[in-house]
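Close look at the chain arrangement
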Amino acid sequence: MSSLQDAFRHVQTLIDEAKQNGHRTDDVSLLAVSKTHPAALIREAYELGQRDFGENYLQESLAKISELADMPDIVWHFIGPIQSNKTRDIAEHFQWVHSVDRLKIAQRLSDQRPAHLPPLNICIQVNVSKECSKSGVALSELPALVMQIQQLPNISLCGLMAIPAPEDDPEKQRAPFKVLREAMEQLNQQHGLHLDTLSMGMSDDLEAAIAEGSTMVRIGTALFGRRDYSEKTQ
Ligand SMILES: *Cc1c(COP(=O)(O)O)cnc(C)c1O
């Protein structure tokens, strides 16, 4: 058994245990975060059955997407910060975007989504740790942003995403995830929406995220090992 296969089995076991502990029988999907890792490793993961991959850096991801174009059912998720001059490439090459936190970006993604493709799946990134994060819409501004994004023709608004501040204590890790889940529940109740995606949980906090209702964990390090940024230029 390859070490990558070991890592996928280990992460799947962690997900299954967390679901069991949280008495959950619904799905928690695994998004494999492949940023900084080569296309060959993604191909290996694909051959193990993984289909969803998350990328943060546009130039790097476009090179990998084209290199892996022979795998038609691979699903690409953009999860990094988005500058407006990057939206066209994202709209053309990705099926999901998890890091939308302002209307202008959502509008551009909708405008630039090619007509032959289905609507782009989007999660709105919410700032659940006020002190330290620059990304994500404030909770107080979330309902208005949701209502505006809902109107966009080529966007399918699926749910919410958050990256809480790092926290070692597993019990304390749950608080921001709870905030995100309750925000989604409130949006659904008060505005008659059917949001169903909570993109939350990374290698160090996936158990807490699943305990609080995560439907998609974004896992990099626990699958692919530590990232080497030394050659990164962007
Ligand atoms: C890098 C990254 C991850 C994966 O983090 P790990 O700790 O390596 O699992 C998840 N989500 C986002 C938005 C990321 O940038």
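Higher on the page you've got the structure.
My aim in this report is to walk through the structure given alongside it, one point at a time. (Residues numbered from 1 in each chain as written. Predicted model: local features only at pLDDT ≥ 70, side-chain atom pairs only at ≥ 80, totals over all residues. Heavy atoms only, no water.)

With that settled, consider the overall build of the chain. Within the chain, the secondary structure is distributed over nine helices and eight strands. Radius of gyration (C-alpha) of the chain: 17 Å, near the 17 Å computed for a compact globule of 234 residues. Out of the 234 residues in the chain, the part that is buried amounts to 49%. When the accessible surface of the chain is split by element, carbon and sulfur atoms take 47% of a total near 11,700 Å². (Helix = DSSP H or I, 4+ residues; strand = E, 2+ residues; numbered from the N terminus. Rg over C-alpha atoms; globule rule 2.2 N^0.38 Å. Buried < 20%, exposed > 50% of the residue type's maximum accessible area, 1.4 Å probe, protein only. Areas by Shrake-Rupley, 256 points an atom, 1.4 Å probe, with all protein chains shown as cover.)

A complete count under the given rule lists three aromatic pairs for this structure. Between Phe 8 and Phe 224 the ring centres are 6.2 Å apart and the planes differ by 80°, which places this aromatic pair in the edge-to-face class. Residue Phe 8 is found in helix H1 (residues 3-21), and its partner Phe 224 is found in helix H9 (residues 221-224); the two are separated by 216 residues along the sequence. As far as the burial class goes, Phe 8 and Phe 224 line up, both buried. On the basis of an interplanar angle of 40° and a centroid distance of 6.1 Å, the ring pair of Phe 53 and Trp 76 is categorised as tilted. You can see Phe 53 sitting in strand S2 (residues 52-55) and its partner Trp 76 sitting in strand S3 (residues 75-78), a full 23 residues away along the chain. (Phe/Tyr/Trp six-rings, centres within 6.5 Å; stacked < 30°, edge-to-face > 60°.)

With that settled, consider the site of the ligand. With respect to spatial proximity, 13 residues lie near the ligand, and among them Lys 35, Asn 56, Ser 203, Thr 221 and Arg 227 are the closest. In the environment of the ligand, an oxygen atom lies 2.6 Å from a nitrogen or oxygen atom belonging to the side chain of Lys 35. Gly 220 is positioned such that a nitrogen or oxygen atom in its backbone is 2.8 Å from an oxygen atom of the ligand. For the ligand, whose unbound accessible area comes to 390 Å², protein coverage reaches 91%. When atom positions are compared with the pocket grids, the ligand is found to occupy the largest pocket. In terms of residue class, the shell around the ligand is built from six nonpolar, four polar and three charged. (Near = heavy atom within 4 Å. Polar contact = N/O pair within 3.5 Å; in protein donor to acceptor, adjacent residues only side chain to side chain. 1 Å grid on protein atoms, 1.4 Å probe; cavity = no way out; pocket = protein on both sides within 12 Å on 5 of 7 lines; lining within 4 Å. Sits in = over half its atoms within 2 Å of the grid points. Nonpolar A, V, L, I, M, F, W, Y, C, P; charged D, E, K, R; others polar.)

On a regular strand, each side chain points to the face opposite its neighbour's, so the side chains alternate between the two faces of the sheet. In terms of burial, strand S1 (residues 29-33) is a largely internal element, four of the five residues being buried. Alignment of S1 against strand S8 (residues 216-219), held across four bridges, turns out to be parallel. Bridge pairing in S8 places Leu 30 opposite Val 217. Pairing between S1 and S2: two bridges, direction parallel. Its bridge partner lying in S2, Val 33 is registered against Gly 54. Handedness of the crossover joining S1 and S2 through helix H2 (residues 39-47) is recorded here as right-handed. (Pairing = 2+ DSSP bridges. Right-handed = clockwise from strand over helix to strand, strands pointing away.)

For soluble globular proteins, the rule of thumb is that nonpolar side chains tend to be buried together. Core analysis: the largest hydrophobic core is formed by 63 residues, its most contacted members being Val 97, Leu 109, Ile 124, Leu 142, Ile 149 and Leu 160. Ranked by residues supplied to this core, first place goes to H1 with six residues. Those residues in contact with Leu 142 that sit more than four places away from it in its chain are Ile 124, Val 126, Val 137, Leu 160, Ala 183 and Leu 187. If you look at the next biggest cluster of nonpolar residues, it comprises nine residues, including Ile 79, Cys 123, Cys 158 and Met 161. (Core = buried A, V, L, I, M, F, W, Y, C linked by side-chain atoms within 4.5 Å. Contact = heavy atoms within 4.5 Å.)

Even without a glycine there, the phi angle at His 23 is positive, about 55°. Mapped onto the secondary structure, His 23 falls in the loop between H1 and S1. We classify His 23 as exposed; its relative accessible area is 73%. For Thr 36, which is not glycine, the phi torsion reads 75° and is therefore positive.

Turning our attention to the environment of Ala 18. Structurally, Ala 18 is set in helix H1. Residue Ala 18 is classed as buried on the basis of its relative accessible area, which comes to 5%. For the pair Ala 18 and Arg 227, spaced 209 residues apart in sequence, the C-alpha separation works out to 25 Å.

Taken by themselves, the reported measurements are silent on function.
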